[in-house]
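Descriptive analysis of the structure
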Amino acid sequence: MPETLHSPQPSVAPRARRDEQATIEQLGRARIDPYAWLKDDNWKEVMRDPKQLRPDIRAYLEAENAHTNALLETPTTALQDKLFEEMKGRVKEDDSSVPAIDGPWAYYRRYREGGEYPIFARRPAANAFDKPGDEPGDEQVLLDGNENAKGCDYWDVRKISHSPDHRLVAFTVDDKGSEFYTLSVREAATGKEVDAIQHTYGEFVWGEDSASIYWVARDENARPVAVFCRALGLGTDALVYREADPGFFIGIQKSQSRKFIFITANDHTTTEWRYLRADDASHKLKLIAERERGVDYSVVDFDDRLWIRSNRNGAVDFALVSAPHDSPAEENWRVEIPHRAGVLLLDVEPFADFIVRMERENGLPRIVVRERGTGAEHAIEFAEQAYALGMSNGYLWNSPWLRFEYSSPSTPAQVFDYNMRTRERVLRKTQSVPSGHVPSDYIVERIDAPASDGAQIPVTMVRHKDTPVDGTAPVLLYGYGAYGITIEAEFRTGRLSLVDRGFIYAIADVRGSMAKGYQWYLDGKLEKKINTFTDFVAAGEHLVKIGYTRRGRIVAMGGSAGGMLMGVAVNLDPSLFGGVIAAVPFVDVLNTMSDETLPLTPPEWPEWGNPLNDALAYDRILAYSPYDQVGPKPYPPMLMFDRITEISET
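1. What about the pairing of strand β15 (residues 260-266)?
- Across the 7 residues of β15, 6 count as buried, placing the element largely inside the fold.
- Relative to β15, strand β14 (residues 249-254) runs antiparallel, the two being bridged by 6 bridges. Of the residues in β15, the one forming a bridge with G251 is T264.
- Counting the residues between successive antiparallel strands, the hairpin from β14 to β15 contains 5 residues, one of them, R258, with a positive phi of roughly 70 degrees.
- Pairing between β15 and strand β16 (residues 271-277): 7 bridges, direction antiparallel. Pairing of I263 across the sheet is with R274, part of β16.

2. Comments concerning helix α2 (residues 55-89)
- The end-to-end C-alpha distance of α2 is 40 Å, clearly below the 51 Å that 35 residues give at a rise of 1.5 Å each.
- T76 marks the point of greatest bend in α2, at about 80 degrees.
- Those residues of α2 that sit buried are I57, Y60, H67, L79 and M87.
- Where α2 is buried, its residues meet α4 (496-499).

3. What about the packing of helix α6 (residues 530-545) against helix α7 (residues 561-572)?
- In contact at an axis separation of 9 Å, α6 and α7 are set at 65 degrees when each is read in the N-to-C sense. Judged by the sense of rotation from one axis to the other, the crossing of α6 with α7 is right-handed. Across from T532, F533, T534, F536 and V537 in α6, the residues of α7 making contact are M564, L565, M566, V568, A569 and L572.
- In the contact of α6 with α7, the residues fall into 9 nonpolar, 2 polar and no charged.

4. Focus: the packing of aromatic side chains
- Overall, the coordinates contain 21 aromatic pairs when judged by the stated rule.
- Relative to F228, the ring of W215 lies with its centre 5.3 Å away and its plane at 25 degrees, an arrangement referred to as stacked. Of the two residues, W215 sits in strand β11 (residues 212-218) while F228 sits in strand β12 (residues 224-231), which places them 13 residues apart along the sequence. Comparing W215 with F228, the two get one shared label, buried.
- One aromatic cluster is present, formed by F382, Y387, F404, Y406, F416 and Y418 through successive ring pairs.
- Across the ring face of F204, the terminal group of K159 is positioned such that the distance to the ring centre comes to 4.9 Å.
- Over the ring of F318 we find R309; its NZ or CZ atom is 3.8 Å from the centre of that ring.

Definitions and limits used
Residue numbers restart at each chain and count upward from 1, following the sequence in its written direction. Where local features are concerned, this predicted model is filtered to residues with pLDDT of at least 70; where side-chain atom pairs are given and counted, the filter is 80 or more; whole-chain, interface and lining totals use all residues. Calculated side-chain values reflect all of the structure's heavy atoms, with hydrogen atoms and water omitted. Classification of residues uses two cut-offs on accessible area relative to the type maximum, computed with a 1.4 Å probe and protein chains only: under 20% is buried, over 50% is exposed, and between them is partly exposed. Under the scheme used here, helices are H or I runs from DSSP no shorter than 4 residues and strands are E runs no shorter than 2 residues, and both carry numbers assigned from the N terminus. In this analysis, strands are considered paired if DSSP registers two or more bridges between them. Take the residue count of a helix, subtract one, and multiply by 1.5 Å to get its expected span. Two axes are fitted around each residue, one to the seven residues ending there and one to the seven starting there, and the angle between them is reported as the bend at that residue. Every residue pair with non-hydrogen atoms within 4.5 Å of one another is taken to be in contact. The axes are straight lines fitted to the C-alpha atoms, using for helices just the contacting stretch, and the angles between their N-to-C directions are given from 0 to 180°. For any helix crossing, the convention is left-handed if the near helix is rotated counterclockwise from the far helix by under a right angle, and right-handed if that rotation is clockwise. Residues were grouped as follows: Ala, Val, Leu, Ile, Met, Phe, Trp, Tyr, Cys and Pro as nonpolar; Asp, Glu, Lys and Arg as charged; and all remaining residues, including Gly, as polar. Centre distance within 6.5 Å is the pairing criterion for rings of Phe, Tyr and Trp, where only the six-membered ring of Trp is used; planes under 30 degrees apart are then read as stacked, over 60 as edge-to-face, and the remainder as tilted. As a reminder, the over-ring test applies to NZ of lysine and CZ of arginine, requiring each to be within 6 Å of the ring centre and within 35 degrees of the ring normal.

Below is the structure:
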């Protein structure tokens, strides 16, 4: 029997004071921002130490939290506790990842029962697929998050990586919630600290000498702007590259062949790659292709050439080309896979004798394997209507084994090792649901919802087989729709608590994602951004029209840029929704895009527009910015919170 839900008890909501004199002049336009005082001018210091938050802002936020707690504590406390236990019961507490073999060792991540944080460990490669702990003394713990996090109110590890000679382990940790990471290097066998670097971006790669680390530094505005090389134990850093444009973020990665280190600059839609040989102590960089507005490319090393996935020259859904290592300029490119409109080239993974690509067509991903010697190709087949795929080559280079993960809204994640030569699949792990799960109890559907301009919006749904399709079911409609990010049709145990109670869980792949190719993304940004919002509303209206639910029985949900989608959608059609859940919602779009000191603002201008120097962008953003468009409307109940790990991501 479903629980009986009661209306929240009355509570007096705090009222933020209004400052009607807070006028902003911009591009010959004026607007009043009565709540501008809620932004602390001291935000840079607050990021490093939250205790520095201005007292009046802190007092208001604490009052809002107290109000929320008062509304939810009674009568929903018992239901919250029940849901928590349900969700906890679906999670295997002592879970572990499938080990990844690198030479003499197999590396993996595991959890212990009752533990909150991961444990990173290794065991001899010969025992790689034994259950951790089967052989006493064969496991070496490299980092125990539960021990490392003691005494911390917040703890997050961004990356952990062992040195090429397996003697050292490096990891980056944020223990304040500021996203400033300390990079620590320890001896793998003893845990003795060798070196530490404060206030990094959290990204790094090892030099092939195992005595140096290339790491990404933040500037005073918290942006990743430079790569340094640290000579371990000496405390000295050599500058390898510094980015001058605040609109570009810097990244770093190592080629799978371990021959090259790549330094990347990107702003969401434009990229530029440089590389150096991993054994070159001079740190001499070589440019692959100069940045060109709107041109996105990525690079791997395969068959003694650089293979470049690029949308240059009108290849909207990307083509794959190759070039010699020492002369990668465009005039030397050789087309390996031409552009195919509607077939989005998502990713490329190289091996010594194979190159593997992930593609998406008609909203569904596929994996295609190509042999180096013959050029012969084959695709790995899957049967369900909607599913999610991921792939990895781990540390293996001279190997025919590809690792991939498969799941669907009803099928728990499965990790396979796939022999690209013999096409043998070895199931290494199936996601455990300790409290039980029967995939056949659930129905997964994929439909198309017509947008106002005729575009067909993919909507993926999962419901319990006993849930009626007669308009009575409530729907949780999830959306994102920005940066080309596509919400995958994967298995999430947290959703089952809703679905088992008669909800239909639906994901609308609105424009702004790449569900239907790169053009689908282009049709949901800048001057076409309105499509993202109207697509979401159209998806909800279509579910009503075809009898899955009724108006007022849809709960809309999204986070970050998806939180902006929530704000615009509820402004467009508040009566469509019975509730809105917005996680870290990006709703103050105009003010944010007008503050170039914020870490993310300059790289975001290609996504939304720059209202500091473009009047059309100003007017366009103002027209949809949820914060600026709040009005006297019959808004449904809304829950907003400041962590992105919300229900749907459990």
